[in-house]
Amino acid sequence: MKTEIGEYVVGAYLKLILECDVVDYNVRQRGGGLAGLGELDVIGLRFRDKTAFICEATTHITGMLIKTAAETVKKVKEKHARQIEYASSNLKDFPTIHYMLWSPRVNSREMLAGFRQIDGIEFVINNDYARKVEELRELAANMTGDTNNPFFRTLQILECLSKYDPTLDTLMQCDLDRFVADLRGDSKLRMRITRFSSKLNSNSTRYEHDYVLGLQVGQIEKVVKCLTLADRHVQSWGSVSAVPGLLEILRKRDYKRYTELLEWVFVINDGNNPWLATGLSRYGSCRSLAEYKAQIVTDHDKKQAGEADALQRKHDKQERVRIKAYKDIWNAIRRRDSAAIEALLDRGVSLDFMNDDGVTVRQKLAEI
């Protein structure tokens, strides 16, 4: 019998979440006859702890029902008895066996009451069913390999598509000449673009690194222009901190187009937002690429001058220490302080250093 999608749901959970080594579908009792007519929908075997899972899967979207609620409970009891019979005949080496029934929707109170009277079977229904599918969905979001399970593969595809954001298409298709007017007149569009920009902002908790790296050069250019126009002309627009990061990505990919776009941003911004183009407020007064480059040169010169000043200060300090050491050596010799003499010699005082009388440190030390 062909495996149904609901059975693949169960099979995916057994294999990927419960880590069963073997999962089989539509299993029949050996030996044929009447016993062989009934199928067991899904069986999972986990060898490391000798645990088996025997599962019935009923995927009725509008609610599980076989004629009546009472008839449904009766059928479930019969299927559970068949599960037990199969386990006793074929799974003697598995000391732990879980009997389960999976169904996405059971909405009959009478049926639920009847299920509670059946001992030994775990009912994965309603919210429990949804939670287990959610576990699979979360796993699918982080797995790319094919598991040979069509349901789980569908989840992987859906999770991949969930990363698609139509806002990018909206920005790519917009007319920049009309963009500001459209933005001012459409609060929903402003909200969408604000949320979208947070995905592109590396400082945001909603930042999606892989998505940003997947943007093409033309897409980066259009998004940067839209965010720049929004910041310049729409009151209380909010953060545009995605722009510096996008410009940096463009710089690494296509420097010529980066410089052209950066020039455009500087001109449009006109010093309005000091952080917009580069993320650094010290370049906030720049209104062109030429001013930006000149400021970089100035900063570089200041940095070099600062480094030179720091080096000179360090040298001056060392010289002061050296001069003091040469003065202190005579006092130490006069006191016959061997520890102080040794310390001063370690600091670089020369044994051939002479005092005003022409006597060297070496000669003085020889006298004591």
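Anything mentioned here points back to the structure above.
Residues numbered from 1 in each chain as written. Predicted model: local features only at pLDDT ≥ 70, side-chain atom pairs only at ≥ 80, totals over all residues. Heavy atoms only, no water.

### Description of a nonpolar patch on the surface
1) Next: A contiguous nonpolar patch, built from I157, L158 and L161 and spanning about 290 Å² of accessible area, is present on the exposed surface.
2) Next: Take L161: its relative accessible area is 52%, and that puts it in the exposed class. (Patch = residues over 30% accessible without salt bridge, like charges linked within 9 Å, V, L, I, M, F, W, Y side chains within 5 Å. Areas by Shrake-Rupley, 256 points an atom, 1.4 Å probe, with all protein chains shown as cover. Salt bridge = Lys/Arg side-chain N within 4 Å of Asp/Glu carboxyl O. Buried < 20%, exposed > 50% of the residue type's maximum accessible area, 1.4 Å probe, protein only.)

### Observations concerning the environment of V234
1) Next: Inspection of the secondary structure puts V234 in the loop between α10 (217-233) and α11 (242-253).
2) Next: Aside from chain neighbours lying at most four places away, what touches V234 is V180, L183, R184, R190 and L229. (Helix = DSSP H or I, 4+ residues; strand = E, 2+ residues; numbered from the N terminus. Contact = heavy atoms within 4.5 Å.)

### Describing the packing of helix α7 (residues 176-185) against α10
1) Next: Close contact between α7 and α10 brings their axes to 10 Å; oriented N to C, the two are set at 50 degrees. Between α7 and α10, the angle falls in the class oblique. Of the two possible hands of crossing, α7 and α10 adopt the one that is right-handed. Residues L176, F179, V180, L183 and R184 of α7 form the contact with α10, whose own contacting residues are K222, K225, C226, L229, A230 and H233.
2) Next: Each residue belonging to the contact of α7 with α10 can be placed in one class, and the counts come to 7 nonpolar, 1 polar and 3 charged. (Axes fitted to C-alpha atoms, helices over the stretch in contact; angles between N-to-C directions. Parallel < 35°, antiparallel > 145°, perpendicular 65-115°, else oblique. Left-handed = near helix turned anticlockwise from the far one by under 90°. Nonpolar A, V, L, I, M, F, W, Y, C, P; charged D, E, K, R; others polar.)

### Overview of the pairing of strand β4 (residues 96-103)
1) Next: In this structure, strand β3 (residues 51-57) lies alongside β4, joined through 7 bridges in parallel fashion. Bridging from a neighbouring strand, A57 pairs with W102 of β4.
2) Next: As judged from the 5 bridges shared by β4 and strand β5 (residues 121-125), these two strands associate in the parallel manner. Across the sheet, S103 pairs through a bridge with I125, a residue of β5. (Pairing = 2+ DSSP bridges.)

### Looking at the packing of aromatic side chains
1) Next: For the structure shown, the criterion picks out 8 aromatic pairs.
2) Next: Residues W102 and Y129 carry aromatic rings whose centres are separated by 5.9 Å and whose planes lie at 75 degrees to one another, so their mutual orientation is edge-to-face. Placement of the pair is W102 in strand β4 and Y129 in helix α4 (residues 127-140), with a sequence separation of 27 residues.
3) Next: Here the aromatic cluster, defined as three or more aromatic residues joined through ring pairs, consists of Y13, W102 and Y129.
4) Next: Above the face of the F94 ring, K50 is positioned so that its terminal group lies 5.4 Å from the ring centre.
5) Next: The side chain of K199 reaches across the aromatic face of Y211, ending 4.1 Å from its centre. (Phe/Tyr/Trp six-rings, centres within 6.5 Å; stacked < 30°, edge-to-face > 60°. Lys NZ or Arg CZ within 6 Å of the ring centre and 35° of its normal.)

### Re the pairing of β3
1) Next: For β3, the tally of buried residues reaches 7 of 7 residues, placing the bulk of the element in the interior.
2) Next: Strand direction decides the pairing type here: strand β2 (residues 39-46) and β3, joined by 5 bridges, are antiparallel. The residue of β3 that forms the bridge with L45 is A52.
3) Next: In this antiparallel pair of consecutive strands, β2 and β3, the connection spans 4 residues, and K50 shows a positive phi of 55 degrees.
4) Next: Taken together, β3, helix α2 (residues 69-90) and β4 form a β-α-β motif whose crossover is right-handed. (Right-handed = clockwise from strand over helix to strand, strands pointing away.)

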